[in-house]
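Here are the chains, one letter per residue:
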Amino acid sequence: QVQLVESGGGLVQPGGSLQLSCKATGRIFNVYNMGWYRQGTGPTRDLVARIFSDGETKYGDFVKGRFTISRDIAKNTVYLQMNSLKPEDTAVYFCNADIASTHLESGDYWGQGTQVTVSS
């Protein structure tokens, strides 16, 4: 019943910017940590950025100050502002969140993924 709905992917030229959004919907009691992962041609999903319930953030090493994660707690939404995009940032970006649907039930949820392509 909990869903993560992503938007904002697309095609952008090298050096350009994109903003991804991810909104948690459904039966929600509380949203804890939220974040973004990406999967290129390989089998693994790598951490892009994560924002914790206390507001602390963590970024993948490859981000190097180019991306910023933020969240709107009232809207159960997390954003990823990506600047200075490079061709190697091309990947499917997945939203992830730790969500409690009741005061007794919680789980780890994933969005369906949104494609980001950086190419001239």
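Heads up: these notes are all about the structure in this document. Since the structure is predicted, the reported quantities are computational estimates derived from the model, not experimental observations. (Residues numbered from 1 in each chain as written. Predicted model: local features only at pLDDT ≥ 70, side-chain atom pairs only at ≥ 80, totals over all residues. Heavy atoms only, no water.)

### A short note on the nonpolar core
- Trp36, Val48, Phe67, Val78, Leu80, Met82 and Tyr93 are the most contacted members of the largest nonpolar core, which has 27 residues in total.
- Where this core is concerned, the elements lending two or more residues are strand S3 (18–25), strand S4 (30–39), strand S5 (46–51), strand S7 (67–72), strand S8 (77–82), strand S9 (91–100) and strand S11 (114–118).
- Of the residues forming this core, the biggest block, five residues, is contributed by S9. (Core = buried A, V, L, I, M, F, W, Y, C linked by side-chain atoms within 4.5 Å. Buried < 20%, exposed > 50% of the residue type's maximum accessible area, 1.4 Å probe, protein only. Helix = DSSP H or I, 4+ residues; strand = E, 2+ residues; numbered from the N terminus.)

### With respect to the sheet that holds S7
- Pairing in this open sheet of four strands is antiparallel, and the strands run S1-S3-S8-S7 from one edge to the other. With partners counted over all chains shown, the strands left at the sheet margins are strand S1 (3–7) and S7, one partner each. On average, each strand axis in the sheet is tilted by 15° relative to the strand beside it, whichever way the strands run.
- Relative to S8, S7 runs antiparallel, the two sharing six bridges. Among the inter-strand pairings, serine 70 is bridged to a residue of S8, identified as tyrosine 79. (Pairing = 2+ DSSP bridges. Axes fitted to C-alpha atoms, helices over the stretch in contact; angles between N-to-C directions.)

### Describing the state of the cysteines
- A complete count under the given rule lists one disulfide for this structure.
- The partner cysteine of cysteine 22 in its disulfide is cysteine 95, sulfur to sulfur 2.1 Å. Note on the cysteine 22 and cysteine 95 pair: the S-S dihedral is about -85°, so by sign convention the disulfide is left-handed. You can see cysteine 22 sitting in strand S3 and its partner cysteine 95 sitting in strand S9, a full 73 residues away along the chain. Pair check on accessibility: cysteine 22 and cysteine 95 agree, each one buried. (Disulfide = S-S within 2.5 Å.)

### Looking at the environment of phenylalanine 62
- With respect to the element layout, phenylalanine 62 can be found in the loop between strand S6 (57–59) and S7.
- Sequence spacing of phenylalanine 62 and valine 48 is 14 residues, and the spatial spacing of their C-alpha atoms is 8.1 Å.
- Residue contacts for phenylalanine 62: discarding those within four places in its chain leaves Arg38, Leu47, Val48 and Phe67. (Contact = heavy atoms within 4.5 Å.)

Honestly, that's just the spatial picture; any functional story needs more than this.
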